[in-house]
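Observations on the model geometry
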Amino acid sequence: MGAGVCSTPRGSELWQSLTGQVLEGVALDNVTVLRLDRCGGLAPGNKQFKLAPHLALIAAAGHRRVLSFGGAWSNHLHALAAVGQAAALETVGVIRGERPQRLSPTLADAAQWGMQLHFVSRSDYRRRQQPGFVATLSRELGADHVIPEGGAGPLGAAGCRPLAEMIAARFPQGARVVVGVGTGTTLAGLAAALPATFHIDGIVALRGEGGLEATIAALVAAQVPAAHARWRLHRDFHCGGFARADARLRELMLRCDRELGLALEPVYTGKALLALHSWLAAGVGSVRQPVVLVHTGGLQGRRGYPWLN
Ligand SMILES: *Cc1c(COP(=O)(O)O)cnc(C)c1O
């Protein structure tokens, strides 16, 4: 595991077996949760893994001011602000939309950890992948390293290799891995580093996201060695769209919280659970094959959902 990533005292605390547990009448035998939400101090979840190669590069290059992009509830900016402060690195968050009267708890944390918040209009924000726009912005804001929104890209995918190693060590015979998908970077990192005995089901959090397969395939192909695990995306569990939650998702998450003591958030991990739960209820897949549900963290975002609090 990369230095500084996942500062958890005992690796075993990261694995929670749900065998013997029942959720809405569905037995969760053979399901194990990889609790990344428990690892990483102020930056729990998958984002610290995606950030780790960037931090290594920044340190090696002697850079000192890093810029990235996100919305008001961004887990990525939240994690970047936390690890930036820990590494004595200056951070700048370029935020979609006008500065609000009152900062979201996510941005309030980030600001408290020293991140400079720079708000841009929604139309400017749409240019966040244009090299010219990014170059001008980073010059204006004095940044010497830029991380794409969500920590997306080859470096982020490479950073997820330790996750694959953790999973492969725990399940040497292989398993089905269920993981939430935003940019697909985490899934790509897992697919590139897990052996062929693994199958990854990616639950897409956005509605109508067309180009994801190609993006993920390119990211997987760019990793060395090339792809091993099979993977597939599922688009039927967005529950109304990104960061939306319908009654079905809310009910399942509240029960999961109450009855299993497992807190999830509605953007990614709740939808991953919903997908897995519906497959188990329908008897899809082999009951004997172990399932790893990756808890990618993001619990700070629960503060945006009154029904969860
Ligand atoms: C960012 C995020 C994801 C999605 O990761 P990608 O690598 O962008 O697909 C999943 N779960 C949580 C909690 C996240 O914050």
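Data block above holds the structure.
The rules behind the values
Residues numbered from 1 in each chain as written. Predicted model: local features only at pLDDT ≥ 70, side-chain atom pairs only at ≥ 80, totals over all residues. Heavy atoms only, no water. Helix = DSSP H or I, 4+ residues; strand = E, 2+ residues; numbered from the N terminus. Areas by Shrake-Rupley, 256 points an atom, 1.4 Å probe, with all protein chains shown as cover. Lys, Arg positive; Asp, Glu negative; His and termini not counted. Charge placed at Lys NZ, Arg CZ, Asp CG, Glu CD. Phe/Tyr/Trp six-rings, centres within 6.5 Å; stacked < 30°, edge-to-face > 60°. Buried < 20%, exposed > 50% of the residue type's maximum accessible area, 1.4 Å probe, protein only. Lys NZ or Arg CZ within 6 Å of the ring centre and 35° of its normal. Core = buried A, V, L, I, M, F, W, Y, C linked by side-chain atoms within 4.5 Å. Contact = heavy atoms within 4.5 Å. Near = heavy atom within 4 Å. Polar contact = N/O pair within 3.5 Å; in protein donor to acceptor, adjacent residues only side chain to side chain. Domains from an automatic or database assignment.

Thoughts on the overall build of the protein chain
When helices and strands are tallied, the protein chain shows 11 helices and 12 strands. Referenced to the eigenvectors of the C-alpha coordinate spread, the extents of the protein chain come out at roughly 55 × 45 × 40 Å. Total accessible area on the protein chain stands at roughly 13,400 Å², and carbon and sulfur atoms take up 52% of it. Each charge sign in the protein chain was given a centre, from 31 positive and 21 negative side chains, and these centres are 1 Å apart.

Regarding the packing of aromatic side chains
This model, assessed by the stated rule, comprises five aromatic pairs. Between phenylalanine 237 and tryptophan 279, the aromatic rings sit 5.9 Å apart at their centres with planes inclined by 85°, giving edge-to-face as the arrangement. Here phenylalanine 237, found in the loop between strand E11 (230-234) and helix H10 (247-260), pairs with tryptophan 279, found in helix H11 (residues 269-282); they are 42 residues apart in sequence, far enough to count as distant. Each of the two residues, phenylalanine 237 as well as tryptophan 279, counts as buried. Taking 5.9 Å as the distance between ring centres and 70° as the angle between the ring planes, the aromatic pair formed by phenylalanine 242 and tyrosine 268 counts as edge-to-face. Of this pair, phenylalanine 242 sits in the loop between E11 and H10 while tyrosine 268 sits in the loop between H10 and H11, and the two are 26 residues apart along the sequence. The class for tyrosine 268 is buried, based on a relative accessible area of 18%. Across the ring face of tyrosine 125, the terminal group of arginine 96 is positioned such that the distance to the ring centre comes to 5.5 Å. The cationic tip of arginine 250 hangs over the ring face of tryptophan 307; the distance from NZ or CZ to the ring centre is 5.7 Å.

Points about the nonpolar core
The biggest cluster of nonpolar side chains holds 35 residues, and the ones touching the most others in it are Leu34, Ile167, Val177, Leu190, Leu194, Ile200 and Val292. Elements represented by at least two residues in this core include exactly helix H7 (161-170), strand E9 (176-181), helix H8 (185-193), strand E10 (199-204), helix H9 (212-222) and strand E12 (291-295). Leaving out residues up to four positions away in the same chain, isoleucine 167 has contacts with Trp15, Leu34, Val177, Leu190, Leu194, Phe198, Val292 and Val294. If you look at the next biggest cluster of nonpolar residues, it comprises 30 residues, including Val31, Ala205, Leu260 and Ala272.

Considerations on unusual backbone geometry
Look at asparagine 30: it is not a glycine, yet its phi comes out positive at around 75°. Mapped onto the elements, asparagine 30 comes out in the loop between strand E3 (26-27) and strand E4 (31-35). Residue classification places asparagine 30 among the partly exposed positions, given a relative accessible area of 28%. A positive phi angle is found at alanine 243, which is not glycine, with a value near 70°.

Some remarks on the site of the ligand
Taken together, the neighbourhood of the ligand is formed by 15 residues, with Lys47, Lys50, Thr183, Thr186 and Thr296 sitting nearest. Contact between the ligand and asparagine 46: an oxygen atom at 3.2 Å from a side-chain N or O atom of the residue. A distance of 2.7 Å is found between an oxygen atom of the ligand and a side-chain nitrogen or oxygen belonging to lysine 47. A total of 380 Å² of accessible area belongs to the ligand in isolation, and the protein chains cover 98% of it. Split by domain, the shell around the ligand shows at least three residues from each of two domains, domain 1 (11-43 + 154-308) and domain 2 (46-151).

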